[in-house]
Amino acid sequence: GMQSHLQALLSLYKLFCPEQVIITLPGKMKTYFKNSEGPWKAAIAAVRQRHQGTSPLSRAVFLGTSQPQSRKRKWNTQLVIPASSTTTNHLEEDGEKKCVYLYSTNESFPVEQLQTFPQLLQNIHCLEFPSQMGSVLTNPLLLHYMNCVKDESIYLRLYYWMGQMLQEECTWCVVDNPYEEEFKSFLESVFKAECFLQEGFSACEEFLYKTLPLWDGFCCRAEILRLVSWIPLSNFSDIKSYLYDPLAQLFFTSSIYFKCSVLESLKELLQNWLNCNVIQVDSEFSS
């Protein structure tokens, strides 16, 4: 029999390709798919309000969420990169109360005490990453450690945290976001971490591919173009559709300064690709 999810999917097909669906579908059914035009309508409305200042603006949020601000804002009024803190729990009681020591490892070195590079070298075998992976962005010692320890779970933790932060705090996807300066500072910290590691973050790449079609070329311009220069080398068709095409639409309608900024960013992107390719060739040759 007809399942409600199948009916919803067929109704979606019938909306875009009515000649492909010849069966009769009920007129009223539960909506299973969000309106894909939501982000575009929000972006167009934001541009109208910026230039006219009179049209009412719905508080639509990027990717269809209804809240104008991230949930984190209800509890914290600032976009703050967390401080380094250890992941282990330490529970101590008196001997008479049955002492309890709960450690993930008996000899772990707390990241709060990591202050110098010699400390990193001496304790690199017993160091743990912090409970909040975002703290590595502003900690050069932890970035060194991240370069040495090639653990996929580390990059996954940072990927999920950074992806959520970028989506929730993007000032041109969240309408009327008053935290543009904080978002600029966050993007600058991400860029510095990429320069330190000499590679781009996958969460940052996904963020750029999703939001460049909605970008006005003005908001956080310097920070966004810097992040563009660290996009990893991939399939040309993907880069063309997700990177070059959105930038081209802005390029041909913007000022000479913007054009020069885009060309400078693409030049740095090419240099990073060449440097990365040279390193890979050298490592293959030595092996």
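Residues numbered from 1 in each chain as written. Predicted model: local features only at pLDDT ≥ 70, side-chain atom pairs only at ≥ 80, totals over all residues. Heavy atoms only, no water.

In the annotation of an unreviewed UniProt entry, the protein chain is listed under the name CENPI protein and assigned to Leptocoma aspasia. The heading Sequence similarities (unreviewed entry) in the UniProt record of the protein chain holds the text "Belongs to the CENP-I/CTF3 family." (UniProt positions renumbered as here; feature names shortened; annotations may be inferred.)

Novice: Explain the packing of aromatic side chains here, please?
Specialist: Evaluation of the coordinates by the stated rule reveals 11 aromatic pairs. Ring geometry for Tyr159 versus Tyr160: centroids 5.3 Å apart, planes at 65 degrees, classification edge-to-face. What links up through ring pairs into an aromatic cluster is the set Trp172, Phe183, Phe207, Trp215 and Phe258. When the ring centre of Phe251 is taken as reference, the NZ or CZ atom of Lys259 above it lies at 5.5 Å. (Phe/Tyr/Trp six-rings, centres within 6.5 Å; stacked < 30°, edge-to-face > 60°. Lys NZ or Arg CZ within 6 Å of the ring centre and 35° of its normal.)

Novice: Hey, could you run me through the environment of Gln164 in this one?
Specialist: Within the element layout of this structure, Gln164 appears in helix 5 (residues 152–169). Residues Gln164 and Ala203, spaced 39 residues apart in sequence, show a C-alpha to C-alpha distance of 8.8 Å. (Helix = DSSP H or I, 4+ residues; strand = E, 2+ residues; numbered from the N terminus.)

Novice: Can you walk me through unusual backbone geometry in this structure?
Specialist: Negative phi characterises most residues that are not glycine, and trans characterises most peptide bonds. A positive phi angle, near 60 degrees, is found at Gln198, a position not held by glycine. Mapped onto the elements, Gln198 comes out in the loop between helix 6 (180–197) and helix 7 (202–211). At Cys220, a position not held by glycine, the phi torsion is positive, near 55 degrees. Among the secondary structure elements, Cys220 is positioned in the loop between helix 7 and helix 8 (221–228). Of the residues examined, Cys220 reaches a relative accessible area of 1% and is grouped as buried. (Buried < 20%, exposed > 50% of the residue type's maximum accessible area, 1.4 Å probe, protein only.)

Novice: Even after reading the chapter, I still don't get a nonpolar patch on the surface, so can you show me in this structure?
Specialist: There is a patch of nonpolar side chains on the surface, built from Met2, Leu6, Ile22 and Ile23 and spanning about 420 Å² of accessible area. Within the element layout of this structure, Met2 appears in the segment before helix 1 (4–16). (Patch = residues over 30% accessible without salt bridge, like charges linked within 9 Å, V, L, I, M, F, W, Y side chains within 5 Å. Areas by Shrake-Rupley, 256 points an atom, 1.4 Å probe, with all protein chains shown as cover. Salt bridge = Lys/Arg side-chain N within 4 Å of Asp/Glu carboxyl O.)

Novice: Honestly, helix 4 (residues 140–148) in this entry has me stumped. Any pointers?
Specialist: Because an α-helix packs 3.6 residues into every turn, residues spaced three or four apart end up facing the same way. Within helix 4, burial applies to Leu141, Leu142, Leu143, Tyr145 and Met146. Residues of helix 4 that are buried in the fold lie against helix 3 (117–123), helix 5 and helix 6. Its side-chain oxygen at 3.1 Å from the backbone nitrogen of Leu141, Asn139 defines the N-terminal cap of helix 4. (Contact = heavy atoms within 4.5 Å. Polar contact = N/O pair within 3.5 Å; in protein donor to acceptor, adjacent residues only side chain to side chain.)

Novice: Got a minute to help me understand the environment of Phe251 in this structure?
Specialist: Relative to the assigned elements, Phe251 resides in helix 9 (residues 236–251). In this structure the C-alpha to C-alpha distance between Phe251 and Ser261, which are 10 residues apart in sequence, comes to 9.8 Å. Excluding residues that lie within four positions of it along the chain, Phe251 makes contacts with Phe258, Lys259, Val262 and Leu263.

Novice: Hey, could you run me through helix 5 in this one?
Specialist: Here helix 5 contains 18 residues, and its C-alpha end-to-end distance of 26 Å stays within 8% of the 26 Å for a straight helix at 1.5 Å per residue. When we look at burial in helix 5, the residues that qualify are Ile154, Leu158, Met162, Met165, Leu166, Glu168 and Glu169. The elements touched by buried residues of helix 5 are helix 4, helix 6 and helix 7. (Expected span 1.5 Å × (residues − 1).)

Novice: When you look at the pattern of salt bridges in this model, what are you seeing that I'm missing?
Specialist: Charged atoms that come close allow side chains of opposite charge to pair. Tallied over the entire structure, the rule returns 5 salt bridges. Measuring nitrogen to oxygen at the nearest pair gives 2.5 Å for the salt bridge that ties Glu188 to Arg226. One end of the pair, Glu188, is in helix 6; the other, Arg226, is in helix 8, and 38 residues separate them in sequence. Residue Arg226 is classed as partly exposed on the basis of its relative accessible area, which comes to 31%. A salt bridge links Lys267 to Glu264; the nearest nitrogen and oxygen atoms lie 3.5 Å apart. Of this pair, Lys267 and Glu264 both sit in helix 10 (residues 256–286), separated by 3 residues, roughly a single helical turn. Linked by salt bridges that have partners in common, Glu180, Glu181 and Lys184 make up one network.

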